[in-house]
Amino acid sequence: GDERTLQILNTWGPLILGRIWPMKTMFLEGDPQYRHVSSTLVRQICARRKEAIESEDSNADINKELTRLVPERVTAKVAEVYGASS
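These notes cover the structure that comes with them. (Residues numbered from 1 in each chain as written. Predicted model: local features only at pLDDT ≥ 70, side-chain atom pairs only at ≥ 80, totals over all residues. Heavy atoms only, no water.)

1. Observations concerning the packing of helix α2 (residues 39-54) against helix α3 (residues 60-67)
Axis angle and axis distance: for two packed helices, these are the angle between their axes and the distance between the axes, and together they describe the pair.
Then step 1. The geometry of α2 relative to α3 is characterised by a closest axis approach of 9 Å and an angle of 160° between their N-to-C directions. If you check the angle between α2 and α3, you find them roughly antiparallel. Considering the relative orientation of α2 and α3, their crossing is left-handed. Taking contact as the criterion, the partners of Val42, Ile45, Cys46, Arg48, Arg49 and Ala52 in α2 are, on α3, Ile62, Asn63, Glu65 and Leu66.
Then step 2. Across the contact of α2 with α3, the residue classes break down as six nonpolar, one polar and three charged. (Axes fitted to C-alpha atoms, helices over the stretch in contact; angles between N-to-C directions. Helix = DSSP H or I, 4+ residues; strand = E, 2+ residues; numbered from the N terminus. Parallel < 35°, antiparallel > 145°, perpendicular 65-115°, else oblique. Left-handed = near helix turned anticlockwise from the far one by under 90°. Contact = heavy atoms within 4.5 Å. Nonpolar A, V, L, I, M, F, W, Y, C, P; charged D, E, K, R; others polar.)

2. As for the nonpolar core
Then step 1. One finds Val42, Ile45, Cys46, Ala52, Ile62, Leu66, Leu69, Val70, Val78 and Ala79 forming the largest nonpolar core, which totals ten residues.
Then step 2. Put simply, the parts of the chain that give this core at least two residues each are α2, α3 and α4 (75-84).
Then step 3. Of the residues forming this core, the biggest block, four residues, is contributed by α2.
Then step 4. Once you skip the residues sitting within four places of it in the chain, valine 42 turns out to touch Val37, Leu66, Val78 and Tyr82. (Core = buried A, V, L, I, M, F, W, Y, C linked by side-chain atoms within 4.5 Å. Buried < 20%, exposed > 50% of the residue type's maximum accessible area, 1.4 Å probe, protein only.)

3. With respect to the pattern of salt bridges
Then step 1. Applying the stated criterion across every chain, the model contains three salt bridges.
Then step 2. One salt bridge connects glutamate 65 with arginine 48, and the closest N-O pair in it is separated by 2.7 Å. Placement of the pair is glutamate 65 in helix α3 and arginine 48 in helix α2, with a sequence separation of 17 residues.
Then step 3. The class for glutamate 65 is partly exposed, based on a relative accessible area of 24%.
Then step 4. The closest approach of N and O atoms between lysine 77 and glutamate 80, which form a salt bridge, is 3.5 Å. Taken together, the positions of lysine 77 and glutamate 80, both in helix α4 and three residues apart, correspond to about one turn of that helix. (Salt bridge = Lys/Arg side-chain N within 4 Å of Asp/Glu carboxyl O.)

The values reported here are purely geometric and, on their own, carry no functional implication.
So this is what it looks like as structure tokens:
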């Protein structure tokens, strides 16, 4: 019922209502070792990092935890964005 309606709207809605062709999407399965990773988990880690910085505690362990989940080159930016939204 509802899922089918949503699929129809997502497929045909833009074409009918906006006269634009729907964007093709593709599901990419990630590495099984990262199945437990979610945006919620990353936000929680970033919130703990922000609290540690504000209370002037060492956040080295939290940084290591974050770098195990996201590429090191984007860790600072992810922490900045997600930490600000906590």
